[in-house]
Amino acid sequence: MANKNSVSNYEQQFYLSGILLSGVTSINGSYSIEESPINIIGHGYTYPVAQGPMVGNFSLQKYFIGEDPILNYTGDSPISGSVNYGDKSFGFEEGYLTEYSFSAGIGSIPQSSASIVVYGDIGEGINASGSNPHPEIQIANQGSISLNANGYQTNRITNFEYSLRINRTPLYKIGSPFPVQVDTSFPIMEEANVVFDVSDYEIKKMNDNLIRPNQQDIEISVKNPLNNNNIETFEIKKARLLNYNMSSSSEDIMSVSLRYIGYRNKR
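Residues numbered from 1 in each chain as written. Predicted model: local features only at pLDDT ≥ 70, side-chain atom pairs only at ≥ 80, totals over all residues. Heavy atoms only, no water.

Within the protein chain, the regular secondary structure consists of one helix and 16 strands. A fraction of 69% describes how many contacts in the protein chain between residues 6 or more apart in sequence connect residues 24 or more apart. As displayed, the protein chain offers around 16,000 Å² of accessible surface, 47% of which is attributable to carbon and sulfur atoms. (Helix = DSSP H or I, 4+ residues; strand = E, 2+ residues; numbered from the N terminus. Contact = heavy atoms within 4.5 Å. Areas by Shrake-Rupley, 256 points an atom, 1.4 Å probe, with all protein chains shown as cover.)

With that out of the way, let us pick up a nonpolar patch on the surface. On the surface, Tyr 31, Ile 33, Met 54 and Phe 178 cluster together into a nonpolar patch covering about 390 Å² of accessible area. Tracing the sequence through the fold places Met 54 in the loop between strand 5 (44-50) and strand 6 (55-63). (Patch = residues over 30% accessible without salt bridge, like charges linked within 9 Å, V, L, I, M, F, W, Y side chains within 5 Å. Salt bridge = Lys/Arg side-chain N within 4 Å of Asp/Glu carboxyl O.)

What follows concerns the pairing of strand 16 (residues 252-264). Relative to strand 16, strand 13 (residues 181-197) runs antiparallel, the two being bridged by 10 bridges. Each bridged residue has a counterpart across the sheet, and for Asp 197 the counterpart in strand 16 is Ser 255. Pairing between strand 15 (residues 230-249) and strand 16: eight bridges, direction antiparallel. Directly across from Asn 243, in strand 16, lies its bridge partner Arg 259. (Pairing = 2+ DSSP bridges.)

According to the stated counting rule, one finds eight salt bridges in the structure shown. For Asp 68, the salt bridge identified is with Lys 62, shortest N-O distance 3.9 Å. Residue class for Asp 68 comes out buried when judged on its relative accessible area of 1%. With relative accessibility at 2%, the residue Lys 62 sits in the buried group. Residues Arg 259 and Glu 191 are paired through a salt bridge, measuring 3.1 Å at the closest nitrogen-oxygen approach. One end of the pair, Arg 259, is in strand 16; the other, Glu 191, is in strand 13, and 68 residues separate them in sequence. Residues joined in a network through salt bridges with shared partners are Arg 165, Glu 191 and Arg 259. (Buried < 20%, exposed > 50% of the residue type's maximum accessible area, 1.4 Å probe, protein only.)

Here the structure, examined in full by the defined rule, presents nine aromatic pairs. Their ring planes at 50° and their centres at 4.7 Å tell us that Phe 58 and Phe 92 sit as a pair that is tilted. Of the two residues, Phe 58 sits in strand 6 while Phe 92 sits in strand 8 (residues 88-105), which places them 34 residues apart along the sequence. What makes Phe 92 buried here is its relative accessible area of 0%. These aromatic residues form a ring-pair network of at least three members: Phe 64, Tyr 100, Phe 102, Tyr 162 and Phe 234. (Phe/Tyr/Trp six-rings, centres within 6.5 Å; stacked < 30°, edge-to-face > 60°.)

Mapped onto the elements of the fold, Ser 82 is located in strand 7 (residues 79-85). You can call Ser 82 buried: its relative accessible area is 0%. A sequence separation of 69 residues divides Ser 82 from Gln 13, and the C-alpha atoms of the two residues are 8.2 Å apart. Excluding its chain neighbours within four sequence positions, the residues that come into contact with Ser 82 are Gln 13, Phe 14, Tyr 15, Phe 90, Gly 91, Ile 126, Asn 127, Ala 128 and Ser 129. Here Ala 128 takes part through its backbone nitrogen, which lies 2.9 Å from a polar atom of the side chain of Ser 82. (Polar contact = N/O pair within 3.5 Å; in protein donor to acceptor, adjacent residues only side chain to side chain.)

Residue Pro 187 is bonded to the preceding Phe 186 through a cis peptide linkage, with omega at 5°. Mapped onto the elements, Pro 187 comes out in strand 13. Of note in the backbone geometry, Lys 238 takes a positive phi value of approximately 50° without being a glycine. Examined against the element boundaries, Lys 238 turns out to sit in strand 15.

What follows concerns the pairing of strand 15. Note: strand 14 (residues 215-223) against strand 15, eight bridges, orientation antiparallel. From the neighbouring strand, Lys 223 faces strand 15, where its bridge partner is Asn 230. Counting the residues in the hairpin turn of strand 14 and strand 15 gives six residues, including Asn 228, whose phi is positive at 65°.

Here the focus is the confidence of the model for the protein chain. Here the protein chain averages 85 in pLDDT, and 88% of its residues register 70 or above. Per-element confidence in the protein chain is highest for strand 9 (residues 111-118), whose mean pLDDT is 96, and lowest for helix 1 (residues 206-211), whose mean pLDDT is 55. (pLDDT = per-residue confidence, 0-100.)

What follows deals with the nonpolar core. One recurring pattern in soluble globular proteins: nonpolar side chains tend to sit buried together. By size, the foremost hydrophobic cluster in this structure holds 44 residues, and its most contacted members are Tyr 100, Phe 102 and Phe 234. Among residues more than four places away in sequence, those in contact with Phe 102 are Phe 64, Pro 110, Gln 111, Ser 112, Phe 160, Glu 161, Tyr 162, Ile 220, Val 222 and Phe 234. (Core = buried A, V, L, I, M, F, W, Y, C linked by side-chain atoms within 4.5 Å.)

Turning our eyes to something else, we now look at the environment of Ala 149. With respect to the helices, strands and loops of the structure, Ala 149 is situated in the loop between strand 11 (145-148) and strand 12 (156-171). Judged by its relative accessible area of 4%, Ala 149 falls in the buried class. The sequence separation of Ala 149 and Gln 216 amounts to 67 residues, and the corresponding C-alpha distance is 7.4 Å. Not counting the four nearest positions on each side in its chain, Ala 149 is found in contact with Gln 216, Asp 217 and Ile 218.

Encoded structure:
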């Protein structure tokens, strides 16, 4: 009887539009087909028909260890991708980035995640491998990541996250199972969550935000600690402070978490 072995993690590779991604920790790919049975008088069930277009989904998590190629696809350009193992592959032909997030905290390697909606074909035999070079590996640490915003210079930041969400609208025509065009629905929503230990920070009254909303530009810089070169910059223009949360206990110091939201229009 032939020996059947499972595919281990070091035998898998994930390609994104010809680039072998480094630092990937998990991948999920799926598609679903919705159908409804057709019943007619005098016969009953005849045949099922598809309800709605066929859509797939891919998501991945990875360590943020250099310039992220995924961020090149926040616009209208489609992405291809595949998980390759041995001489086989499972991939997709035309996907579009819908969510991206970056997180960093004390004592941990920064991480990123992405969600991709697939309107093209998806499944076995689709191979997105290529020879496009991966950006240089650069690992940031807590000392090489900074937040440029008012109010935090004298308060110790312990954690922050950045994310964006992009709504996509596919356009179909009769005779084609795939969309002829995929539009980006603006605005693109960006979000930043900041957690810090309180030194002299004061939380404004809720009514004050109705009169004069707290709004400012936020910039997160990620640099290489070895040479101080910039790896990536996340910027939210005119971010609005919408959520406050203060916590304190007899066993810990006071901390505050803030949530900012910004919107990016089509340039």
